[in-house]
Structures are given as structure tokens and as C-alpha cells.
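# Geometric and topological summary
The primary structure of each chain is shown beneath.
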Amino acid sequence: MKIAKFSVLLLILFIFPVALAQLKFGFYKESCPDAETIVRNLVRQRFGSDPSITAALTRMHFHDCFVQGCDASLLIDPTTSQSSEKTAGPNGSVRGFELIDEIKTALEAQCPSKVSCSDIVTLATRDSVFLGGGPNYTVPTGRRDGFVSNSEDANRILPPPFISVEGLLSFFGNKGMNVFDAVALLGAHTVGVASCGNFIDRATNFQGTGLPDPSMDPFLAGRLRDTCAVPGGFAALDQSMPVTPVSFDNLYFGQIRERKGILLIDQLIATDPATSGVVFQYAANNELFKRQFAIAMVKMGALDVLTGTAGEIRTNCRAFN
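Read on for an overview of the structure. The structure displayed is predicted, hence computed values, not measured ones.

The rules behind these values
- Residues numbered from 1 in each chain as written.
- Predicted model: local features only at pLDDT ≥ 70, side-chain atom pairs only at ≥ 80, totals over all residues.
- Heavy atoms only, no water.
- Helix = DSSP H or I, 4+ residues; strand = E, 2+ residues; numbered from the N terminus.
- Rg over C-alpha atoms; globule rule 2.2 N^0.38 Å.
- Buried < 20%, exposed > 50% of the residue type's maximum accessible area, 1.4 Å probe, protein only.
- Contact = heavy atoms within 4.5 Å.
- Areas by Shrake-Rupley, 256 points an atom, 1.4 Å probe, with all protein chains shown as cover.
- Lys, Arg positive; Asp, Glu negative; His and termini not counted.
- Charge placed at Lys NZ, Arg CZ, Asp CG, Glu CD.
- Expected span 1.5 Å × (residues − 1).
- Arc of directions from axis to C-beta.
- Phe/Tyr/Trp six-rings, centres within 6.5 Å; stacked < 30°, edge-to-face > 60°.
- Lys NZ or Arg CZ within 6 Å of the ring centre and 35° of its normal.
- 1 Å grid on protein atoms, 1.4 Å probe; cavity = no way out; pocket = protein on both sides within 12 Å on 5 of 7 lines; lining within 4 Å.
- Points joined across faces, edges and corners; volume = space filled by probe spheres on them.
- Nonpolar A, V, L, I, M, F, W, Y, C, P; charged D, E, K, R; others polar.
- Disulfide = S-S within 2.5 Å.

## Considering the overall build of the protein chain
- Across its full length, the protein chain carries 15 helices and two strands.
- In terms of C-alpha radius of gyration, the protein chain reaches 19 Å, essentially the compact-globule figure of 20 Å for 321 residues.
- Expressed along its principal axes, the backbone C-alpha trace of the protein chain runs to roughly 60 × 50 × 35 Å.
- By residue count, 52% of the 321 residues in the protein chain fall in the buried class.
- The long-range share in the protein chain, meaning contacts at least 24 apart out of those at least 6 apart in sequence, stands at 76%.
- Of the roughly 13900 Å² of accessible surface on the protein chain, a fraction of 58% belongs to carbon and sulfur atoms.
- Within the protein chain, one finds 28 positive and 31 negative side-chain charges whose respective centroids are separated by 5 Å.

And the structure:
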């Protein structure tokens, strides 16, 4: 395990040195030596009662980092006079904020005004992925928290569930991330769920045809229609048998190659020539998927970060100081 973790670290440093130069491994070694242990213990405690926290934190981290960088802007609560990223449509189902609050409270008691909320999200996500069966990887820290949080930015930037493969690769490419990163990060759907509103058209009335999406397995379409007949229904994005919605593995990739993708983009990456080869590689090799996922997560966690004297260290993750 230690050798594999070290190998991933070397790959990350070789592939993505510029952004990582702004951050530092073991940043809190002197200012708050127990920081990562405190985060890990509280995430483990929450995971024990709610394994779906892996999906929740991974989504939170993604939605935060791709809107103005990894600066914890997603954590800000709206006020009577100002919206925040939390109120944006794509963030309506993001959850796990109370765990971030719990971790922040513990860290403030131990090391006041030392550990940023953006680092808490990064570390908590890393730990939850490992607890769910995913890779054990090291993340650099030293991020600081931002001063801006607008719902308009999140609505404009975050990709919709019906994005095309070309649009997806462009979205990631604009942030310096490649097809291996994009497909690996979509692999987080192995522990995710989606509400019926995001996919029911594929099972009932695809693109106004009155028929299911022909690219969807007909038995899956039938199950989804039954699931969504109940108000407030949702489905696991990993429909492999047995269904493993809280296990971080590569079964999702095998599933979408069998026409069992829930979201349209899940199905598209399995058939589009630009991504299908990567899907095949990840479906065939769980260790490759986990290694590439770790690399992609560290790259994502370094997007447009605030370091040094930029930004602030919030005392309450829900409000600017």
C-alpha cells in the first residue's frame, strides 16, 4: 500500500508540478500537527453511519473546485441580500456541509485560524474515497478560502447531466485536464445516485420520441420506470450486479459498456471514440482506474487555488470572516 501510494505521488509531481508548487505536502506539520488525523477520524466516524458520504464529499469537492477554484466558495450560506453558490441549481442536492462544520469546529478548538475550509474539503474527500474502497493517496495542502460566492457563477460553469462528450472534454481541457482525468473523475459515479429528473426521459420519452433511449438496456429502462413511478425517486449510478452504490470500484465502467449507464453522459463516454478506449482500460483494470483517479483528484484539487497571503482562513466555513 505504501509503495503504491508513493508511486502515485511521484506520478502526480511529474505530471502536474506547476499548480502543486503553490501547495505543500504536510503544510500543517508545524502549525497544526494533528490536522489530518482530526479530519480522518471524523470522516471515519461519519462513514460508519453513512457510507454515502463518499459520494457527497466527492461531488462537493468537484462543484467547489470547478467554480473559481478550490476555495470553499460552495460552503458559504446565502444572506437576505446576496445569493451564494449553494443556491445554484446544480448545487441543490450537494450535501455533507454539516460534516465540514463538525471538522472545522474540532480544528478551531485545536488550532484556531490555521486550517482552511478548502483544505478540509480536500482532505475529507480524500479520506472518504479511501474508506469507500478507493485509492489511498496523498494531497498537498495550503489552500486558503475565497471571498466570492455567487450562484450565477455556478449556474454558468458547472456542466449539465446532458452534456456531450465533446463538451465534457472541452470543460476539463480548459482546466488543463485530459481525457484520462475526465473519464476517471466520472468514475466517481460508482458511488453516486441521481434523482429521476436527471434521467427519466431516457427511460420513457427520449428526445421527444415517446420511446426509451435505444442506447439504454431495455431491462434497465423498465426498472427505472418503476423506480421513478414513486415521487422523489432516485437510482444508483452504478447498476452493476450486485449493485454496489457505496463501494468505490471500477464496476461502473463495465456497466456502461453493457448499455446500463443512468445519465446520458455515462452512456456516451462508453461509445464515443474519444473516450471509449479509456473506458475499456478502466473496466479491465481496477488498479489503473484507482491510480488515475488519484492523479485526477490531486490535479483537480490544485485548480486556481489561493495560497500565501491571498484569501483568508475562515473561522466559520459558512461565512466570510
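## Regarding helix 3 (residues 35-49)
- The terminal C-alpha atoms of helix 3, which comprises 15 residues, lie 22 Å apart, in line with the 21 Å expected from a rise of 1.5 Å per residue.
- What helix 3 keeps buried is the set A35, I38, V39, L42, V43, R46 and F47. Each buried residue of helix 3 sits inside an arc of 160° when the element is viewed along its axis, so together they form one side. Exposed side chains of helix 3 directed beyond 90 degrees from the buried face belong to Q45 and G48.
- Elements that come into contact with the buried residues of helix 3 comprise helix 4 (53-65), helix 5 (97-110) and helix 6 (117-131).

## Quick look at the packing of aromatic side chains
- Evaluation of the coordinates by the stated rule reveals 14 aromatic pairs.
- Each ring, one from Y252 and one from F253, has its centre 4.9 Å from the other, and the planes form 75°; the classification is edge-to-face. No difference in accessibility class separates Y252 from F253, as the two residues are buried.
- Every member of this aromatic cluster is reached through a ring pair, and the members are F248, Y252, F253, Y282, F289 and F293.
- One residue, K86, lies across the ring of F97, its end atom 4.3 Å from the ring centre.

## What about unusual backbone geometry?
- Look at Q68: it is not a glycine, yet its phi comes out positive at around 65°.
- Turning to its location among the elements, Q68 is positioned in the loop between helix 4 and helix 5.

## Focus on helix 14 (residues 276-284)
- Listed as buried for helix 14 are V278, V279 and Y282. Seen along its axis, helix 14 keeps its buried residues to an arc of 100°; they face one direction.
- Among the structural elements, helix 9 (179-186), helix 12 (251-257), helix 13 (264-271) and helix 15 (286-300) are those in contact with the buried residues of helix 14.

## Notes on empty space enclosed by the protein
- Per the stated rule, a full pass over the model turns up one cavity of 30 Å³ or more.
- Lining the largest cavity we find H61, T122, Y137, V139, R143, M297, V298 and G301.
- Classifying every residue of the lining of the largest cavity gives four nonpolar, three polar and one charged.

## With respect to the state of the cysteines
- Summed over all chains, the structure comprises four disulfides.
- A disulfide bridge connects C117 with C317, and the sulfur atoms are separated by 2.1 Å. Between C117 and C317, the S-S torsion sits near -95°, and that sign places the bridge as left-handed. Of this pair, C117 sits in helix 6 while C317 sits in the segment after helix 15; the two residues are 200 residues apart in sequence, bridging distant segments of the chain. You'll find C117 and C317 in the same group, each marked buried.
- With its sulfur 2.1 Å from that of its partner, C196 forms a disulfide with C228. Linking C196 and C228, the disulfide has an S-S dihedral of approximately -90° and is accordingly described as left-handed. In this pair, C196 is assigned in the loop between strand 1 (193-195) and helix 10 (200-204) and C228 in the loop between helix 11 (218-227) and strand 2 (234-236), connecting sequence segments 32 residues apart. This pair shows no difference in class: C196 is buried, exactly as C228 is.
- Numbered in order of appearance, the disulfide-bonded cysteines of the protein chain are paired 1-4, 2-3, 5-8, 6-7.

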